[in-house]
Amino acid sequence: MLLPKKTKYRKVRKGKNDGVATRGNYLAFGDYGLQSIENERITGRQIEAARQAITHHVQRGGKIWIRIFPHTPVTRKPQDVKMGSGKGNPEFFVAKVKTGTVMFEMKGVSEDVAREAMRLAGHKLPVKTKFIVRGQL
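Residues numbered from 1 in each chain as written. Predicted model: local features only at pLDDT ≥ 70, side-chain atom pairs only at ≥ 80, totals over all residues. Heavy atoms only, no water.

Draft legend 1. Molecular detail of the packing of helix H1 (residues 44-57) against helix H2 (residues 111-123). Axis separation between H1 and H2 bottoms out at 8 Å; the angle between their running directions is 150°. For the element pair H1 / H2, the angle class is roughly antiparallel. At the point where H1 passes H2, the crossing takes the right-handed sense. Side by side, H1 and H2 meet where Ala50, Ala53, Ile54 and His57 of the first sit next to Val113, Glu116, Ala117, Met118, Leu120 and Ala121 of the second. Tallied by class, the residues present in the contact of H1 with H2 amount to eight nonpolar, one polar and one charged. (Axes fitted to C-alpha atoms, helices over the stretch in contact; angles between N-to-C directions. Helix = DSSP H or I, 4+ residues; strand = E, 2+ residues; numbered from the N terminus. Parallel < 35°, antiparallel > 145°, perpendicular 65-115°, else oblique. Left-handed = near helix turned anticlockwise from the far one by under 90°. Contact = heavy atoms within 4.5 Å. Nonpolar A, V, L, I, M, F, W, Y, C, P; charged D, E, K, R; others polar.)

Draft legend 2. Examining H1 more closely. Here H1 contains 14 residues, and its C-alpha end-to-end distance of 20 Å stays within 8% of the 20 Å for a straight helix at 1.5 Å per residue. If you check which residues of H1 are buried, you get Gly44, Ile47, Ala50, Ala53 and Ile54. Against strand E2 (40-43), strand E3 (63-66), strand E5 (89-97), strand E6 (102-107) and H2 lie the buried residues of H1. Gln59 sits one or two positions beyond H1 and adopts a positive phi of about 50°. (Expected span 1.5 Å × (residues − 1). Buried < 20%, exposed > 50% of the residue type's maximum accessible area, 1.4 Å probe, protein only.)

Draft legend 3. Summary view of the nonpolar core. In terms of nonpolar packing, the biggest core is built from 22 residues, with Ile42, Met103, Phe104, Met106 and Leu125 touching the most fellow members. If you tally residues by element for this core, the top one is H2, at four residues. If sequence neighbours within four positions are ignored, Ile42 has contacts with Ile47, Ile68, Phe93, Val94, Ala95, Val97, Met103, Leu125, Pro126 and Val127. (Core = buried A, V, L, I, M, F, W, Y, C linked by side-chain atoms within 4.5 Å.)

Draft legend 4. Examining the pairing of E6 more closely. Within E6, five of the six residues are buried, which leaves it mostly tucked inside the rest of the structure. Looking at chain direction, strand E1 (residues 32-36) and E6 are connected through four bridges and run antiparallel. The residue bridging Tyr32 from the neighbouring strand is Met106, located in E6. Sheet topology note: the E3/E6 ladder contains four bridges and is antiparallel. Among the inter-strand pairings, Trp65 is bridged to a residue of E6, identified as Glu105. (Pairing = 2+ DSSP bridges.)

Below you can see the structure in the form of structure tokens.
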């Protein structure tokens, strides 16, 4: 499961996650990519599940890049606890993904294999996704 080695602050506020990505919205490494077309928080577990789906489908061929990382802690209070008495403890970490963010990239496999692998990975994620190819718009 992905999580940061250390954080500057143990708890952070939710913040906003709207708008379109201005960074990380292009293919930087591979020839094929999986791009988000919604704004959402993606957990480390979801990223790992998508990575496993891609790796399994390409049968460990080619090269895969994960372009997002869960830096933001999410807190939860225990069940059956009354309102008040402060903020809960950090439970897991999320990556804030905006519209247009390229989440996964792949190189070294054919386009149809990459397309199917990215489709399978997209089903593991809480965002709608789009398959993109280098040099096409």
